[in-house]
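# Observations on the model geometry
Here is how the chains run, residue by residue.
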Amino acid sequence: MKEKFKSWAFSKEHGKCDVITLIIYLLGVCTVSFFHEPWFDEAQAWAIARSGTIKEILFEIPHYEGHPPLWHLILVPFAKLGAPYELSLAAVNIFFMTLAVAVLLFKSPFPKLIRCLLPFNFFLFYQYGVISRPYCILVLAIFLAAVCYKNRNEHPVKYLLCLALMCAVHSYGIMIAGCLCIVWLIEIFTEYKKSGKLADILKDRRCWLMFCLLIFAMLVMAAIVPDENVYLGGKMSNETEKKFDFSCINILFCFVIFSDSIITSFFNYAGVPSEIASQIPVIVVSILLVALFVTITYRNKKLLTFLLPYGVLSIFGSFVYISPHHIGVITAFVIFVLWIIVDENGKVLLPEYMNKISAKIGKKLKVILKAIAFLPLLIPIAWSCTSSYFDIRYPYWFDEAADFIKEYHLDDYKIIGYWQQVLNGEIDDDAFWNVDEADYMWHDYPNLQGISVALNPYFDKNIFCYFNIDKHDKTFQYYRANTQKEAEEEFSKWREQGEPDVVIERCEITKAYPDIDVDNYVAVKRIYFYKPYKFETYDQYITIYVTKDLFNKIGTLEELTAKKLY
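The model shown is predicted, which means the values in this text are computed figures rather than measured ones. (Residues numbered from 1 in each chain as written. Predicted model: local features only at pLDDT ≥ 70, side-chain atom pairs only at ≥ 80, totals over all residues. Heavy atoms only, no water.)

### Some thoughts on the pairing of strand 3 (residues 442-445)
To keep it simple, the criterion reads: Each residue is assigned to one of three classes by its accessible area relative to the maximum for its type, calculated with a 1.4 Å probe on protein chains only: buried under 20%, partly exposed between the two thresholds, exposed over 50%. Numbered from the N terminus, helices here are DSSP runs of H or I no shorter than four residues, and strands are runs of E no shorter than two. Here the rule is simple: two strands pair whenever DSSP picks up at least two bridges between them.
Burial along strand 3 is two-sided: Trp-442 and Asp-444 and His-443 and Tyr-445, pointing in opposite directions, are all buried. In this sheet, strand 3 lies alongside strand 2 (residues 420-423) in antiparallel orientation, the contact comprising 4 bridges. Looking across to strand 3, one finds that Gln-421 is bridged to Asp-444.

### Side note on the environment of Asn-520
Selection rule: Note on contacts: a residue pair is in contact if any heavy atoms of the two residues lie within 4.5 Å.
When you line up the elements, Asn-520 lands in the loop between helix 25 (509-512) and strand 5 (521-533). Note on Asn-520: relative accessible area 26%, which makes it partly exposed. Aside from chain neighbours lying at most four places away, what touches Asn-520 is Val-546, Thr-547 and Lys-548.

### With respect to the pattern of salt bridges
The line we're drawing: The rule for a salt bridge is simple: a side-chain nitrogen of Lys or Arg has to be within 4 Å of a carboxyl oxygen of Asp or Glu.
Tallying each qualifying case throughout the model produces 14 salt bridges. Residue Asp-200 pairs with Lys-203 through a salt bridge whose shortest N-O separation is 3.9 Å. Taking the relative accessible area as the measure of exposure, Asp-200 reaches 30% and is therefore partly exposed. Lys-525 serves as the salt-bridge partner of Glu-400, at 3.2 Å between the closest nitrogen and oxygen. Of this pair, Glu-400 sits in helix 21 (residues 398-407) while Lys-525 is found in strand 5, placing the two residues 125 residues apart along the sequence. With relative accessibility at 30%, the residue Glu-400 sits in the partly exposed group. Because the salt bridges share partners, they merge into one network encompassing Glu-191, Asp-204 and Arg-206.

### Observations concerning a positive patch on the surface
Cut-off, in case you're wondering: In this scheme, patches are assembled from residues that exceed 30% relative accessible area and form no salt bridge. Like charges are connected within 9 Å, while nonpolar side chains (Val, Leu, Ile, Met, Phe, Trp, Tyr) are connected within 5 Å. The accessible surface values rely on the Shrake-Rupley method and a 1.4 Å probe; as for residues, cover is taken only from the protein chains in view. By the counting scheme adopted, Arg and Lys are positive, Glu and Asp are negative, and His together with the chain ends is not counted. In plain terms, the charge of a residue is placed at NZ if it is Lys, CZ if Arg, CG if Asp and CD if Glu.
Where like charges cluster on the molecular surface, the positive patch consists of Lys-194, Arg-299, Lys-301 and Lys-347. Counting through the fold element by element, Arg-299 comes out in helix 15 (residues 280-299).

### Remarks on the state of the cysteines
To keep things clear, this is the line we draw: A pair of cysteine sulfur atoms is labelled a disulfide when the two atoms are within 2.5 Å.
This structure, assessed with the given rule, holds 0 disulfides. Left without a disulfide partner, Cys-148 is nearest to the cysteine sulfur of Cys-162, which lies 3.9 Å away.

### Describing a nonpolar patch on the surface
A cluster of nonpolar side chains, namely Trp-208, Phe-211, Leu-214, Ile-215, Met-218, Leu-219 and Met-221, defines an oily patch on the protein surface of about 710 Å² accessible area. Along the chain, Phe-211 falls in helix 13 (residues 205-224).

### A closer look at the packing of aromatic side chains
Inclusion rule: Under the pairing criterion, centres of Phe, Tyr and Trp rings, with the six-membered ring standing for Trp, must be within 6.5 Å; the plane angle then separates stacked pairs below 30 degrees from edge-to-face pairs above 60, leaving the rest tilted. Any Lys NZ or Arg CZ found within 6 Å of a ring centre and within 35 degrees of that ring's normal is scored as a charge over the ring.
All told, the structure shown has 50 aromatic pairs when counted by the stated rule. Taking the ring centre of Trp-383 as reference, the NZ or CZ of Lys-534 above it sits at 4.1 Å.

### Notes on helix 6 (residues 70-80)
Among all positions in helix 6, only Trp-71, His-72, Ile-74, Leu-75, Val-76 and Ala-79 are buried. Tucked into the core, helix 6 has its buried residues touching helix 3 (40-51), helix 4 (54-59), helix 5 (62-65), helix 7 (85-107) and helix 10 (135-149). Looking one or two residues past helix 6, Gly-82 carries a phi angle of roughly 80°, positive in sign.

### What about the environment of Ser-108?
What counts is decided by this rule: Between N or O atoms, a polar contact is any pair within 3.5 Å; within protein, one atom must be a potential hydrogen donor and the other a potential acceptor, and residues adjacent in sequence are included only when both atoms are from side chains.
One can find Ser-108 in the loop between helix 7 and helix 8 (112-117). Note on Ser-108: relative accessible area 1%, which makes it buried. The spatial distance from the C-alpha of Ser-108 to the C-alpha of Val-225 is 35 Å, given a sequence separation of 117 residues. Apart from residues lying up to four places away in sequence, Ser-108 is in contact with His-14, Val-103, Arg-115 and Trp-339. Reaching out from Ser-108, the side chain makes a polar contact with the backbone oxygen of Leu-104 at a distance of 2.4 Å.

Encoded structure:
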């Protein structure tokens, strides 16, 4: 029985098992997606596709989104023709991610057991399979590039088309594709130098094709280069600059990104842990894992292929910008590296020091080490199960809020949503959460209204009369920074519309309306929301307020005990 299992588990033949795995994967993501409520980023993409013009999507919006426009263009037919919001988003995402998993199952050279476990990895299943973002296409492009890698010299067009797709999807894809091309050029240069025909390198069509890819990538980069007044956390307005923190934790984070993509949970939606001392074991494991993978790729002659793209991604993520969902790009890239190694060598060759250690240890210890080696496969599956459970078990909140608005016809009144406010200066977190927000000074971004963006897709128009007041037909937000003077100019336009009847989420309403009576607003609805990530879910709540006149007019609302607007 044991030998039979080994024969099955380590077989590289493709067949019924791959088909069954693909069906289970498809049923799994469809089930979780049925319960999943789109998050803000998903809603923003849909809003861009629905209310942005093709010209804006191609030439204007990417400068604020930081992503190429391909994902938005794919959503355009569905959004503009009035297709169901949640269903359409999920269907498009599942289509591309299922294609990516099919490529993994039917084209990868991994042993059957590994092949059948990988699709249920947290990032491949939940983060990119359930949550509808352009990463589904990026993963597909990375896997297709792995398929074409072995024969890239004989068929360079196929390989470079995969790299072009990476560039067209995401800024991280541009980094990976660019680094892979640099490594390839070094290999071609070395090849010609050894043959003594270095002058002929300019006649090589691979170089010319890469030059064409470079032109394409530069056009994409020109489309997404940030506007001078783009909003990015820390950049207060076009009069200030984004500051980068070159601290020890940033350097350590270059290592942590790798381990977080396969086994650890150092970084999440709560950010980087403030108590770094408590995370020392994770940091040590992260450094050891990077060192281990470096030695493995060196042994298999793929060190530069791994190190250059990973180095660029990790440095960019550590010092410029990264969010937890970006970590999965590293996961897909690690699979790519292992894929091309197994494709070329038939297996992953272990470094000599590992072979020597293996020869000296006993059988029991070998079994333990083999079990540990499987943890990067099993732990991400546990993450998938946990996050999927949280998504099914607990609501997000947009759907419930939209139903509440529709039930009481609040969209017939003047609604305002919470706008982005950034605390001026620094304050200890513990001190901040124990006092009233009104005690501090905030920098206002009136046009950054995530709540408005997330709720509008449930309606056929912009129901927030104070959102995009100059372009009210636009239901997405531009990530534009502004000075406080510009914010005040926006507030003056709001005041021309009169005071709001409905306020969604507690905010500093007196900034926009200095003479407003905050005692005139009562809390009528509290909606809890949960955002899963790996083994955790981050729960908060949103409060909806209405004026006392509207409260009395409706007559069936109940007043809740809640903090007042301020």
